[in-house]
Amino acid sequence: MAFKRPTRHEKKKLEKLLGRDEEAIVVTSIGDRYFWINFLLFFPLALIFIGIPKLSHLVRMKQSYHYILTTRRFLIIRGIFSRKIVTAPLSAITHVTIEQSFAQRYLYNTGHLVVITAGFDQREIVIEHVSNPVGFKLLIEELTDKLDQAEEEPRALRSLSP
């Protein structure tokens with residue numbers, strides 16, 4: 001499954017968060033199938049007041065969780081009224097793990113990505129309910145490989161020069 005490119009509206013919203021020569025490649029949220037199956041499951045319960053907290057949490061997750069993959073880094077933006085922005089440079093990502101339950105794998109086609117970054121405290125970033133986690137993981141790995149190759153080329157050229 002190919003990921004959708006960011007829309008003009010999304011690009012305009014992200015303009016102030018991106019650096020020079022940085023382009024958003026993928027902008028996504030929680031998986032659509034996960035959202036709609038759970039929405040349809042909790043909506044009848046919400047009508048009798050039992051599922052209102054679950055339904056409101058689900059809608060809030062869809063509106064407030066945004067995952068952005070750029071040419072240089074990975075961003076997670078959470079929040080509607082207050083905002084928390086987590087960034088990880090692609091060069092600092094050491095590996096990515098996928099965690100999927102049976103329902104996430106076969107029913108929702110979603111999963112949790114655990115991104116491990118290099119650094120002093122070996123940070124772990126969890127991306128919840130992302131659609132097509134295998135494709136997203138491959139895209140992150142492809143971009144990190146391209147960055148590694150781009151960094152190695154100048155080093156190789158410098159070692160060859162007298």
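In this text, all values refer to a predicted model and were calculated from it rather than measured experimentally.

Novice: How would you sum up the pattern of salt bridges? Please name residues and give values.
Specialist: Taken as a whole, this structure holds three salt bridges when the rule is applied. Across the pair Glu 22 and Arg 73 runs a salt bridge, and its minimum N-O distance is 2.8 Å. Placement of the pair is Glu 22 in the loop between α1 (8-14) and β1 (24-28) and Arg 73 in strand β3 (residues 73-78), with a sequence separation of 51 residues. The two residues Glu 22 and Arg 73 agree in class, both being buried. As a salt-bridge pair, Glu 141 and Lys 137 come within 2.6 Å of each other at their nearest N and O atoms. Taken together, the positions of Glu 141 and Lys 137, both in helix α5 (residues 133-160) and four residues apart, correspond to about one turn of that helix. Glu 141 gets classed as partly exposed once you look at its relative accessible area, which sits at 27%.

Novice: Can you explain the nonpolar core? Please cite residues and give values.
Specialist: Ranked by internal contacts, the top residues of the largest apolar core, which has 26 residues, are Tyr 67, Leu 69, Phe 74, Leu 113, Ile 127, Phe 136 and Ile 140. In terms of residue count, the dominant contributor to this core is α5 (four residues). Not counting chain neighbours up to four residues away, the residues in contact with Phe 136 comprise Phe 3, Val 26, Thr 28, Phe 74, Leu 113 and Val 130. Of all hydrophobic cores here, the second largest spans eight residues; its members include Leu 18, Ala 24, Val 27 and Ile 68.

Novice: Quick rundown of unusual backbone geometry? Include the residues and the values.
Specialist: Phi is positive for Asp 21, close to 55°, though the residue is something other than glycine. Locating Asp 21 in the fold gives a position in the loop between α1 and β1. A relative accessible area of 76% means that Asp 21 is categorised as exposed.

Novice: Before we move on, could you go through the side chain of Ser 29 and cite the residues and values that matter?
Specialist: Considering the arrangement of structural elements, one finds Ser 29 in the loop between β1 and α2 (32-47). With relative accessibility at 10%, the residue Ser 29 sits in the buried group. In terms of polar contacts, Ser 29 uses its side chain to reach the backbone carbonyl oxygen of Tyr 65, at 2.7 Å. Ignoring any residue separated from it by four or fewer positions in sequence, one finds Ser 29 in contact with Met 61, Lys 62, Tyr 65, Tyr 67, His 129, Val 130 and Ser 131.

Rules used in this analysis
Residues numbered from 1 in each chain as written. Predicted model: local features only at pLDDT ≥ 70, side-chain atom pairs only at ≥ 80, totals over all residues. Heavy atoms only, no water. Salt bridge = Lys/Arg side-chain N within 4 Å of Asp/Glu carboxyl O. Helix = DSSP H or I, 4+ residues; strand = E, 2+ residues; numbered from the N terminus. Buried < 20%, exposed > 50% of the residue type's maximum accessible area, 1.4 Å probe, protein only. Core = buried A, V, L, I, M, F, W, Y, C linked by side-chain atoms within 4.5 Å. Contact = heavy atoms within 4.5 Å. Polar contact = N/O pair within 3.5 Å; in protein donor to acceptor, adjacent residues only side chain to side chain.

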